[in-house]
Amino acid sequence: MTQPVLEIDNLSVQFNLKRGVLRAIDQISFEIGKGETFGLVGESGSGKSVTARAIMRLIPSPPGEIATGTVRFQGRDLYQMPDKEIREIRGQNIAMVFQEPMNALNPVFTVGSQIGDALRTNMGMSKQEARERTIEMLQLVGIPSPNDRVDNYVHEFSGGMRQRVMLAMALSCDPTFLIADEPTTALDVTIQAVILELITSMIERFDMSLLFITHNLGVVAHACDKIGVMYASHIVEVGTKEEIFANPQHPYTVGLLRSIPRLDVQSKFLTPIDGTVCNMMEPPPGCKFNPRCSHAMDICRERIPEFKELSPGHFAACHLHDQPTV
Amino acid sequence: MSEYLLEVKNLVKYFTLNGDFVSRVAGKTQTVKAVDGIDFYIRPGETLGLVGESGCGKSTTGRLITRLIEPTDGEIKLHGEDLLAFPPKRMRETRKNVQLVFQDPYASLNPRKTIMDILSRPLEVHNLATTWYEKRERVLELLNLVGMGSEHIDRYPHEFSGGQRQRIAIARSLTVNPELLIGDEPVSALDVSIQAQILNLLRELQEKFSLTYLFIAHDLAVIRHISDRVAVMYVGKIVETGPVTTIFNDPQHPYTKALLAAVPEADPKKPPPRLILKGEIATPIDPPPGCRLQGRCPIATSICGEVEPKLETVDTDHQVACHHL
Ligand SMILES: Nc1ncnc2c1ncn2[C@@H]1O[C@H](COP(=O)(O)OP(=O)(O)O)[C@@H](O)[C@H]1O
Ligand code: SF4
Ligand code: SF4
Ligand SMILES: [Mg+2]
């Protein structure tokens, strides 16, 4: 296999707060290959966005701190690079889109001047070149009359159009890697369908890799090849989407899939996961899912299960998969 | 006595936008046709799911029925009696019967009051319990009903998770023994594993107390799960209404079809989501004549831009508003 574009190995990020230490992600490992689309799912607070920010080296420090592990991009350790290089990587190689485009786009500049500025700084284009490229990008993401809209401000676009503008900005510098953090969560379902289709076609067209973060299992089922499931700061399972949906190996993944109401069958009662997610400042010892897990055993309350490969490409962290001891 | 617990006829709510200074001086105002002549009914003990995308008028409909806002036109009948004609005293009594649960329970629970205070307040207002002991008993009973232990009674809202707060909000709505519960996106802010808990709770309570639900949501899978019948709204209008299996297995209106096709199902073997409509959601501000979907509909013809389609009955309980069925 060729070298993965992104390799996250044993990464932990913690926030040293007055109230105590909060481990937002704890010893997580996964890789994303060239052209691969990886969906990171999990409930709110599980650590998905912190993972994204850690990849971009955007964890505020203090209070944040990389406690363990490494992040490698195209083979190079992002945390061993000088600031100048990481800025170049952020400008040219890794792009990011968010749930709320208003946070990424500046309201006081026109869309054209923002994207144009980024192109001039990152790609060394002239003013004229940058403007032409911006119009081309707006056209590509399906903004009608891009020649006029390039001079509009962000608030002059609807929610779905703003998401397109952000995508145009993210893609303008030809990134090889796109991180999308809940890009469709705030959108209506019909607009979500359009944006998903757009992201998918852009990934193919530009041969990018994708890290897609969402709490919506329906979205990853269609937008991603591989899926990672997070629970309370751990990645508990990774596999192809076919494996995750048809053959889940971690009780949390199983519970999550069972809780979703379905569009094709009606049932009187759903099968929820009991209880609530643990307090991240005082997680339970052992497997963090143990208070909610119907399979929990003594060892689950004592030892954190090892994250291991059960079949090629399918990983899970659960004591149910421990070798039986003789 | 009416067959329906709630019946809504030609319900209309317009809001006037004054716009900026220039248009005000010019005497120009804009009308937001938030709810524009809708009809529906709910039978006792059933759940009507009201579904549609943001801004289509779902929440306004819920607020109109509780009379948190007054309609521009139309009728709202409870057990066949015109709610809008009730004198204030009768209306106060009736308010008890119709309770609203919101998406964000935190915003609707006073952060400075304990759960005991929050849940005993409606008991006091409606004279349902007088002594401290009676109130405490009833509050404990309510907590138990929504699956919360008695140890929570003296705690404050911020000490609870989103799912627990929603349980408290549901308990509060039950203090006054309502007949009709209107849920305005009551599970939308919750993570799926918790959402399933609350949906099950709502189902149990419905059976226990023969409650009638108007369940408002934008999530089609949630609507499919909870509803007996469904009404689909688009820009202030109900475009299709019918039994839940009809709406999901055999939708007739182009908008219902488009909405269903756009849902990404949590199953990679299902077809990917796609949008079969052109463009984006129309605005309810001064909409053009004819069908609200005309600019986006793949089968529109000239009549769609001229004549507004009315809801026509196509089968028992199944009504569709479209010129080209
Ligand atoms: N800057 C910060 N300071 C302190 N805690 C933080 C900060 N950012 C995130 N967290 C905490 O880290 C955990 C994971 O958060 P996040 O990655 O945003 O979750 P998700 O994206 O999965 O919803 C949460 O408990 C959150 O409160
Ligand atoms: S390790 Fe134990 S508690 Fe954790 S998921 Fe597996 S069986 Fe459940
Ligand atoms: S009335 Fe015309 S525009 Fe409206 S949904 Fe039917 S075919 Fe489409
Ligand atoms: Mg997040």
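Draft legend 1. Main features of helix H2 (residues 83-92) of chain A. By the burial criterion, the buried members of H2 of chain A are Ile86, Ile89 and Gly91 of chain A. Those residues of H2 of chain A that are buried are in contact with strand E4 (64-73), strand E6 (94-97) and helix H4 (111-123) of chain A.

Draft legend 2. Broad picture of unusual backbone geometry. At the junction of Ser61 of chain A and Pro62 of chain A, the peptide bond is cis and its omega measures out at -10 degrees in the coordinates. The omega angle of the peptide bond from Pro62 of chain A to Pro63 of chain A is 5 degrees, so this bond is cis rather than trans. A positive phi angle is found at Asn10 of chain B, which is not glycine, with a value near 45 degrees.

Draft legend 3. Geometry of the confidence of the model for chain B. Of the residues in chain B, 97% have a pLDDT of 70 or more, and the chain-wide mean is 92. Under the prediction, the complex receives an ipTM of 0.89, its pTM being 0.90.

Draft legend 4. The arrangement of the side chain of Thr175 of chain B in detail. You can see Thr175 of chain B is positioned in the loop between helix H7 (162-174) and strand E7 (180-184). Not counting chain neighbours up to four residues away, the residues in contact with Thr175 of chain B comprise Leu119, Pro122, Leu123, Leu128, Arg138 and Leu142 of chain B.

Draft legend 5. Examining the site of ligand 2 more closely. Near ligand 2, the surroundings consist of 13 residues, among which Cys287, Cys293, Cys300, Cys318 and His319 of chain A are the closest. Residue composition of the shell around ligand 2, grouped by class: nine nonpolar, four polar and no charged.

Draft legend 6. Local environment of the site of ligand 1. All names here are of chain A. The environment of ligand 1 is formed by Phe15, Leu17, Leu22, Ala24, Glu43, Ser44, Gly45, Ser46, Gly47, Lys48, Ser49 and Val50. One nitrogen or oxygen atom from the main chain of Gly45 is found 2.8 Å from an oxygen atom belonging to ligand 1. Taking Lys48, its side chain carries an N or O atom lying 2.8 Å from an oxygen atom of ligand 1. Notes on ligand 1: free accessible area 570 Å², of which the protein chains cover 71%. Only strand E1 (6-17), strand E2 (20-32) and helix H1 (48-55) provide two or more residues apiece to the shell around ligand 1.

What counts, and where the lines are drawn
Residues numbered from 1 in each chain as written. Chains lettered and ligands numbered in written order. Predicted model: local features only at pLDDT ≥ 70, side-chain atom pairs only at ≥ 80, totals over all residues. Heavy atoms only, no water. Buried < 20%, exposed > 50% of the residue type's maximum accessible area, 1.4 Å probe, protein only. Helix = DSSP H or I, 4+ residues; strand = E, 2+ residues; numbered from the N terminus. Contact = heavy atoms within 4.5 Å. pLDDT = per-residue confidence, 0-100. Near = heavy atom within 4 Å. Nonpolar A, V, L, I, M, F, W, Y, C, P; charged D, E, K, R; others polar. Polar contact = N/O pair within 3.5 Å; in protein donor to acceptor, adjacent residues only side chain to side chain. Areas by Shrake-Rupley, 256 points an atom, 1.4 Å probe, with all protein chains shown as cover.

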